Amino acid sequence: MYYQFKLNGYTYQDLLALCRVVSKRYRRARVTVYRVVMMLLGLVMLAVGALLLWAEGPTVLDAALIGLGLLYLGLSVFYYRFTAWRSSRMQIRDLGEVTVTLDDAGVRERSRKGESFYPYSSFISCFHSRGRYFLFVDKKHAVILPEQAIAVGDPAALGAKLSEKFGGAIPEV
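Residues numbered from 1 in each chain as written. Predicted model: local features only at pLDDT ≥ 70, side-chain atom pairs only at ≥ 80, totals over all residues. Heavy atoms only, no water.

This paragraph deals with the nonpolar core. By size, the foremost hydrophobic cluster in this structure holds 19 residues, and its most contacted members are Phe5, Val100 and Leu102. Ignoring anything within four residues of it in the chain, the contact list for Val100 reads Tyr3, Gln4, Phe5, Leu7, Val107, Arg108, Glu109, Val143 and Leu145. Leu18, Val21, Val31 and Phe134 belong to the second largest nonpolar core, which has 16 residues in total. (Core = buried A, V, L, I, M, F, W, Y, C linked by side-chain atoms within 4.5 Å. Buried < 20%, exposed > 50% of the residue type's maximum accessible area, 1.4 Å probe, protein only. Contact = heavy atoms within 4.5 Å.)

Note that Phe123 resides in the loop between strand S4 (114–119) and strand S5 (125–129). Assessed through its relative accessible area of 7%, Phe123 is described here as buried. In the structure, Phe123 is positioned 40 residues away from Thr83 in sequence and 23 Å away in space, judged by C-alpha atoms. When residues no more than four places from it in sequence are discounted, the contact partners of Phe123 are Val107, Tyr118, Leu135, Phe136, Val137, Val143 and Phe166. (Helix = DSSP H or I, 4+ residues; strand = E, 2+ residues; numbered from the N terminus.)

In structure tokens:
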């Protein structure tokens, strides 16, 4: 039995879920340090800007410090959304309808721009999160399979098929 997915490219929600999975599975320490440092820098800049504003009155330096502090706090709090937005900007445009087929040999992606094939042995891991399966080619790139995009195949049996191909239970992230 094979499965076929029909997509119109990856949505922002797909990329947001991918960013969360990558940061929780492969970059946990790096993302945590980045977010903490950005938050601390933002808070320090806000505090210094507020103190200068209170002590000296409004100046350009106060506005710059408060603006940068708010920017850093925003980057820390909305890290996943910002990363997903950046990823969406780097996607190949005008793919048309993307058809992803899972069969016994591997995963085949076909779009207007071309075709690619990945045997199951080329994937390093598989995860399930927020109604999507993520088949990772490396620590930064994955094939995203939204469950609602299944055109051919039984959605209830997809998890069992992937568990069989990857040799164990698929972790939920």
